[in-house]
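Chain by chain, the residues run as shown.
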Amino acid sequence: MHALDWVIVAVYLTWMIWDGIRLTRRSGELEGYFLGGRSLPWWAVGLSVMATQLSAITLIGTTGQGYADGMRFLQFYYALPIAMIVLSATLVPFFHNAKVFTAYEFLERRFDVKTRAFTGLLFLLSRSMSLGVVMSAPAVFLSVVLGLSVTQTVLLSAVPTILYTMLGGVQAVAWTDVKQMVLIVFGLVAAVVVLVMSLPADVGFVDALTLAGATGRMRLFDFRFDHTEQYTFWSGTIAALFLFCSYFGTDQSQVQRYLTTPSVAQARSSLLMSAYWKIPLQALVLLVGILMFAFYTFASPPMLFDARHDRELRDGPRAAEYNALDARFAAAAAARTAAAREVTEARQRGEAERLDAARETFNARDADVRALHDDARTLVRQVTRQADYNDVNYVFPTFITTRLPPGLVGLMIAAIFAAAMSTIAGELSALSTTSVIDFYRRFVRPVATDAHYLFISKVATVFWGALASVVAVRAADLSSLIQVVNQFGSFFYGSILGVFILAVAVPRANGNGAFVGLLAGMGLVAATAAYTNTAFLWHNVIGAVAVVIVGYIVSLLWKQQSTGIRNQESGNRAAPGT
Amino acid sequence: VSGMRATYVRVIIVWLAVLTGLYLLQRYFS
């Protein structure tokens, strides 16, 4: 990497630490540290929410997905604006007016302590493991680019983030998120501009989309109703609605953000920012992938985008087979380029029939290239014994490192760091808040000074940061454990939404009903995952509906003395006029 | 409350416009 790029990355990392610490006010009090004194402006919180959600995996993986599969994945986000409206109208006023620190604290006020402790524990377990995975993916890529070990790149993103999250609390997290979000969007727009400029002189933006369209990569709506298919219009609008309501409405990493605003109206505005901008932002990420596909149609692509495995195969025992495959791949790619030229020419001359024929030929040539690429991947899987090997995550990194000019490489790497750090910081802050508020203060030391709780929360931030770093470095060894925990986490996403629905919409529901309902919901989702091949998005619907039905019935049969506030007191009074 | 309702209606109108735009994009390029 060029010296200029190193300087850019170093300046970025230093700036984040300095800025994160500089911008903290009232971080010596509990409310200031955890909730920014409930004084952050809605636009900063809105950007922070989006930055936490946009991880480095999005930047690296989703661009690769756009390259290989096109815009189809965008359907996943179609329900997000509706989810934001639902949450703004329902859960947000409840949380805000209850003056809680965490979403789970609200559950004790409404139900009982066991429901709070169980949901809080599920959050801590699943989030700490998934944070390790979120840290590991960009670290692997950055280790290849920067020539450092994975341990070093994990530390490079984790240590600054732990430092400013620990010292500055949620304010530091939110304000650095704002800058990181700006950097990420700038990086994406720069990538689009460079990609369009890198196309051959006679190939324009519309030609690039036409080529993508000819191979089905511009399919944005799949109206088939197939419950086993992950991304269709129906799973994206119905099933994903439940997932987004659960993620944005009940996950502490998101809830904590909008609790930092001074009023319900501002909290709503911060959420509605995602309603307006999430789909266009995700389309921009996928567009980078589409344009990389057009770019590599004309600039001969490597058979494997992952240079490390490419070298391993070339030097390995099956080198002859691999090299022969590579020669066939180069010929197929050249044939595809010729077909692409024909499409472009026919389109530019406005010859409709010729264009139709050319599009069909191009699609067939692209299928040849894909088939050979699949053969190459199969070969890697056989040689390395990695059953799930895929080089899709290396497409964007390869483009950055081999095709961008010095300066821009540093900027894009800083953007990837930004995406990683904004997610890590948000999660760490939420993990620390839940540990202290829902467990330490609740069960260990109910009465202590703010200074004491702040000290414990700083220790908790370092603990969770260190644990996630270890998981990230050892992700390969721990993969089965991570998978189990993540699966466990996915069982509870829809189910926990069901608990919150019971809390705010079913006045008769009690703690016993909510707790038994939660267990029943998770059990049903686990059974669905084990015995059917229903796509995971639908698990959220199954979980939520099961919890509400079982929870309601159990609440009627198993009465409980009120241990917390009822929703008439906490929510109904608060909702009007806000 | 009526202010919020107007905001929600605006979000839904923009949402429908975005989805329609994306659908037309698919029709044009596929």
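As the structure is a computational prediction, the values presented were derived from the model and not from experiment.

Criteria and thresholds
- Residues numbered from 1 in each chain as written.
- Chains lettered and ligands numbered in written order.
- Predicted model: local features only at pLDDT ≥ 70, side-chain atom pairs only at ≥ 80, totals over all residues.
- Heavy atoms only, no water.
- Helix = DSSP H or I, 4+ residues; strand = E, 2+ residues; numbered from the N terminus.
- Buried < 20%, exposed > 50% of the residue type's maximum accessible area, 1.4 Å probe, protein only.
- Areas by Shrake-Rupley, 256 points an atom, 1.4 Å probe, with all protein chains shown as cover.
- Core = buried A, V, L, I, M, F, W, Y, C linked by side-chain atoms within 4.5 Å.
- Contact = heavy atoms within 4.5 Å.
- Buried area = accessible area lost by both parts, 1.4 Å probe.
- Polar contact = N/O pair within 3.5 Å; in protein donor to acceptor, adjacent residues only side chain to side chain.
- Salt bridge = Lys/Arg side-chain N within 4 Å of Asp/Glu carboxyl O.
- pLDDT = per-residue confidence, 0-100.
- Phe/Tyr/Trp six-rings, centres within 6.5 Å; stacked < 30°, edge-to-face > 60°.
- Lys NZ or Arg CZ within 6 Å of the ring centre and 35° of its normal.
- Axes fitted to C-alpha atoms, helices over the stretch in contact; angles between N-to-C directions.
- Left-handed = near helix turned anticlockwise from the far one by under 90°.
- Nonpolar A, V, L, I, M, F, W, Y, C, P; charged D, E, K, R; others polar.

**Remarks on the overall build of chain B**
Point 1. When you go through chain B residue by residue, the secondary structure sums to one helix and zero strands.
Point 2. Principal-axis analysis of the C-alpha atoms gives chain B an extent of 45 × 5 × 5 Å.
Point 3. Every one of the 30 residues in chain B was classed for burial, and the buried ones make up 30%.
Point 4. Looking at chain B as shown, the accessible area adds up to about 2100 Å², and 70% of this sits on carbon and sulfur atoms.

**Points about the nonpolar core**
All names here are of chain A.
Point 1. If you look at the biggest cluster of nonpolar residues, it comprises 186 residues, and the most contacted ones within it are Tyr-12, Tyr-78, Phe-95, Phe-106, Phe-248 and Phe-417.
Point 2. Ignoring sequence-local partners within four residues, the contact set of Tyr-12 consists of Gln-180, Leu-183, Ala-414, Phe-417, Ala-418 and Met-421.
Point 3. In terms of nonpolar packing, the next biggest core, distinct from the first, is built from 13 residues, Tyr-322, Ala-332, Val-369 and Tyr-389 among them.

**Digging into the interface of chain A and chain B**
Point 1. Facing the 24 residues of chain A at the interface are 17 residues of chain B.
Point 2. Carbon and sulfur atoms make up 77% of the area that chain A and chain B hide from each other, which totals about 1900 Å².
Point 3. If you sort the residues of chain A by the area they bury against chain B, A:Ile85, A:Phe221 and A:Tyr276 come out on top, with a joint share of 29%.
Point 4. For the pair chain A and chain B, the interface holds five residue pairs in polar contact (both at pLDDT 80 or more).
Point 5. Of all the secondary-structure elements, those providing two or more residues to the side of chain A that touches chain B are helix H5 (80–89), helix H10 (205–214) and helix H13 (264–298) of chain A.

**Details of the pattern of salt bridges**
All names here are of chain A.
Point 1. Applying the stated criterion to the full structure yields 29 salt bridges over all chains.
Point 2. Taking the shortest distance from any N to any O, the salt bridge between Glu-321 and Arg-318 comes out at 3.0 Å.
Point 3. The exposure class assigned to Arg-318 is partly exposed, which follows from its relative accessible area of 28%.
Point 4. Note that Arg-377 is salt-bridged to Asp-374, the shortest N-O span being 2.5 Å. With Arg-377 and Asp-374 both in helix H16 (residues 352–384) and three residues apart, the pair spans about one turn of that helix.
Point 5. Among the residues examined, Asp-374 registers a relative accessible area of 35% and is labelled partly exposed.

**Details of the confidence of the model for chain B**
Point 1. Taken over all residues, the pLDDT of chain B has a mean of 92, while the share at 70 or more is 97%.
Point 2. Here the prediction assigns the complex a pTM of 0.91, and the interface score ipTM is 0.96.

**Structural notes on the environment of A:Met71**
Residues and elements named next belong to chain A.
Point 1. On the secondary structure map, Met-71 appears in the loop between helix H4 (56–69) and H5.
Point 2. Separated by 244 residues in sequence, Met-71 and Asp-315 place their C-alpha atoms 36 Å apart.
Point 3. Leave out the neighbours within four places in its chain, and Met-71 touches Arg-217, Met-218, Arg-219, Leu-220, Ala-283, Leu-286, Leu-287 and Ile-290.

**Here's the deal with the packing of aromatic side chains**
Point 1. Scanning the entire structure with this criterion turns up 41 aromatic pairs over all chains.
Point 2. Ring geometry for A:Phe76 versus A:Tyr231: centroids 5.9 Å apart, planes at 75 degrees, classification edge-to-face. One end of the pair, A:Phe76, is in the loop between H4 and H5; the other, A:Tyr231, is in the loop between H10 and helix H11 (233–250), with 155 residues separating them in the sequence. There is no split in this pair, since A:Phe76 and A:Tyr231 are both buried.
Point 3. Between A:Phe221 and B:Tyr23, the aromatic rings sit 5.4 Å apart at their centres with planes inclined by 80 degrees, giving edge-to-face as the arrangement. Taken together, the positions of A:Phe221 in the loop between H10 and H11 and B:Tyr23 in helix H1 (residues 2–29) put the pair across two chains.
Point 4. With relative accessibility at 6%, the residue A:Phe221 sits in the buried group.
Point 5. Three or more aromatic residues link up through ring pairs in this structure, and these residues are A:Phe73, A:Phe76, A:Tyr77, A:Tyr231, A:Phe244, A:Tyr247, A:Phe248, A:Phe492 and A:Tyr493.
Point 6. The ring centre of A:Phe293 lies 3.7 Å from the NZ or CZ of A:Arg217, which sits over that ring.
Point 7. Positioned above the aromatic ring of A:Phe443 is the side chain of A:Arg442, whose terminal nitrogen or guanidinium carbon lies 5.3 Å from the ring centre.

**Thoughts on the packing of helix H8 (residues 113–146) of chain A against helix H9 (residues 150–198) of chain A**
Pairs of packed helices are described in terms of their axes, by the angle between the two and the distance that separates them.
Residue and element names in this part refer to chain A.
Point 1. Where H8 contacts H9, the two axes come as close as 8 Å, and the packing angle between them is 115 degrees. Remark: the crossing between H8 and H9 carries right-handed chirality. Between H8 and H9, the contacting residues are Met-135, Ala-139, Val-140, Leu-142, Ser-143 and Leu-146 on the first element and Val-150, Thr-153, Val-154, Leu-156 and Ala-158 on the second.
Point 2. Tallied by class, residues from the contact of H8 with H9 come to nine nonpolar, two polar and no charged.

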